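Fold and contact review
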Amino acid sequence: MVRIKKKPDQLAFFAQQFTPARHLFNLVLVGVIGLIVCMFLILQEKEERMMGSSSMGSMGAHALSTTALSIATTSKKPPHLVYGTAWKKDDTAHYVHEAIKAGFRHIDTACQPKHYNEAGVGNGWTEAAQELGLDRNDIWLQTKFTAPNGQDPNNMPYDASAPLKEQMLTSLETSLKNLQTTYLNSWVLHSPLPTMDQTMEAWKIMEHELENGRVRQLGISNCYSLEQFQSIYNQATIKPKVLQNRFYQESNFDTELRQFCKEHGITYQSFWTLTANRKALHSSELTALATSHGETAQTYMYAFLMSLGYITPLCGTTDLDHMKQDVAVVKRIQQGDVLFAGDDELRAFAKLLHMPDL
Ligand SMILES: NC(=O)c1ccc[n+]([C@@H]2O[C@H](COP(=O)([O-])OP(=O)(O)OC[C@H]3O[C@@H](n4cnc5c(N)ncnc54)[C@H](OP(=O)(O)O)[C@@H]3O)[C@@H](O)[C@H]2O)c1
């Protein structure tokens with residue numbers, strides 16, 4: 001064995017390096033570097049919250065398997081459906097409970113008693129969570145502020161004559177109470193207000209609630225003008241992370257708005273997805289295509305939208321078999337099953353829907 005003998009002058013050099021003063025200096029240096037790294041991480045987290053990125057909690061972050069697709073974007077969030085709770089009235093708690101039992105984890109509602117039973121959503125998700133051993137972090141809750149012109153004047157969730165700020169804060173507090181939670185994963189302005197100034201006034205109030213920690217991301221719904229949406233986006237300090245719109249031919253399938261969402265990391269949440277495209281979904285060509293992939297026309301439609309990477313369809317089924325089928329197609333995509341092998345297949349499907357472009 002070869003032994004390396006250190007020369008006396010080398011030993012003296014090392015001894016010199018490790019004097020107590022030098023040791024103390026090294027400790028302080030390591031401490032300062034650690035402090036700088038911690039501050040950097042804290043600032044980064046704060047910036048992410050300011051940008052409105054939602055925590056998926058224990059749902060984790062997945063990359064959408066889109067290796068074969070160049071049109072599709074890759075999203076940090078796992079592809080999923082959002083369970084919609086409109087028009088379920090007294091059965092809301094029951095259907096939300098069943099949806100969560102079937103595997104849905106994302107719920108959409110609104111503080112708008114005319115169409116939504118928000119308290120029923122709160123009862124439904126908490127009962128399901130108790131039964132399944134889930135907690136608040138396992139469930140993603142989104143609700144909306146609806147302006148007076150979208151409410152039933154005989155069933156208002158706030159005083160319509162109060163200033164906008166008071167209306168919005170009462171609405172938010174009612175939502176938190178109804179949903180039995182201290183925070184919302186997503187708070188959506190149900191539609192732009194009559195003027196741009198009013199819309200931005202509402203947006204600033206929403207931003208303030210995000211900064212306060214009662215809300216984790218902001219969105220807007222029923223905004224069908226690209227110009228208006230861009231204007232909100234440009235004026236907002238905390239950018240919208242959701243655009244919830246009707247997905248149908250009459251609005252040209254929001255082609256330009258969707259492009260904007262795709263380019264700016266905004267999730268496009270579609271509603272009327274099945275209802276408004278019923279004719280196309282019943283065509284023999286589309287049905288045959290879906291069947292060849294082991295799906296129904298409806299679940300294949302959801303798969304098409306999720307495969308684009310930035311669209312999350314809302315689904316309000318009350319049929320327990322449909323719930324299971326819908327959850328199953330989400331799982332297939334999350335597991336990497338390629339239901340659209342490339343851009344050509346996406347384009348071919350889009351053509352069957354009469355979409356002008358992807
Ligand atoms: N922001 C807004 O202004 C706005 C407006 C409207 C809706 N929304 C939201 O969007 C949610 C969804 O509403 P929606 O209008 O899009 O329609 P929907 O409530 O999801 O209705 C879908 C229709 O398709 C049928 N269907 C057939 N096969 C299905 C399948 N495999 N999975 C799901 N449905 C299937 C359903 O019937 P079955 O029940 O028999 O399955 C139902 O009649 C609402 O609950 C609400 O949360 C928001």
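What counts, and at which threshold
- Residues numbered from 1 in each chain as written.
- Predicted model: local features only at pLDDT ≥ 70, side-chain atom pairs only at ≥ 80, totals over all residues.
- Helix = DSSP H or I, 4+ residues; strand = E, 2+ residues; numbered from the N terminus.
- Buried ≥ 20, exposed ≤ 12 C-beta atoms within 10 Å, placed from the backbone.
- Contact = placed C-beta atoms within 7 Å.
- Near = placed C-beta within 6 Å.
- Nonpolar A, V, L, I, M, F, W, Y, C, P; charged D, E, K, R; others polar.
- Expected span 1.5 Å × (residues − 1).
- Arc of directions from axis to C-beta.
- pLDDT = per-residue confidence, 0-100.

The name an unreviewed UniProt entry assigns to the chain is NADP-dependent oxidoreductase domain-containing protein, from the organism Cylindrotheca closterium.

1. Quick look at the environment of proline 192
Inspection of the secondary structure assignment puts proline 192 in the loop between β4 (186-189) and α6 (196-212). A tally of 23 C-beta atoms within 10 Å means that proline 192 is categorised as buried. In this structure the C-alpha to C-alpha distance between proline 192 and threonine 146, which are 46 residues apart in sequence, comes to 9.6 Å. With residues up to four places along the chain from it excluded, the contact list for proline 192 reads Thr199, Ile220, Cys223 and Gln228.

2. Focus: the site of the ligand
Taken together, 24 residues lie near the ligand, and Gly84, Ala86, Phe271, Gly316 and Thr317 sit nearest. Mapped by element, the contributors of at least two residues to the shell around the ligand are α11 (297-307), β8 (311-315) and α12 (320-334). It is α12 that provides the largest number of residues to the shell around the ligand, a total of three residues. Across the shell around the ligand, the residue classes tally to six nonpolar, 15 polar and three charged.

3. Section: α12
Here α12 spans 21 Å end to end across 15 residues, near enough to the 21 Å set by a 1.5 Å rise per residue. Taken together, the buried positions of α12 are occupied by Met323, Asp326, Val327, Val329, Val330 and Ile333. Mapping the buried residues of α12 onto a view down its axis gives an arc of 155 degrees, with all of them on the same face. Facing away from the buried side of α12 by over 90 degrees, the exposed positions are Asp321 and Lys331. Elements that come into contact with the buried residues of α12 comprise α3 (92-102), α11 and β8.

4. Topic: the confidence of the model for the chain
For the chain, per-residue confidence averages 87 on the pLDDT scale, and residues scoring 70 or more make up 79% of the total. In this model, residues 1-8 is a region of pLDDT below 50 whose contacts with residues beyond four sequence positions or in other chains number one contact. Low pLDDT (under 50) marks residues 42-69, which in the prediction has 47 contacts with non-local residues, meaning those over four places away or in another chain.

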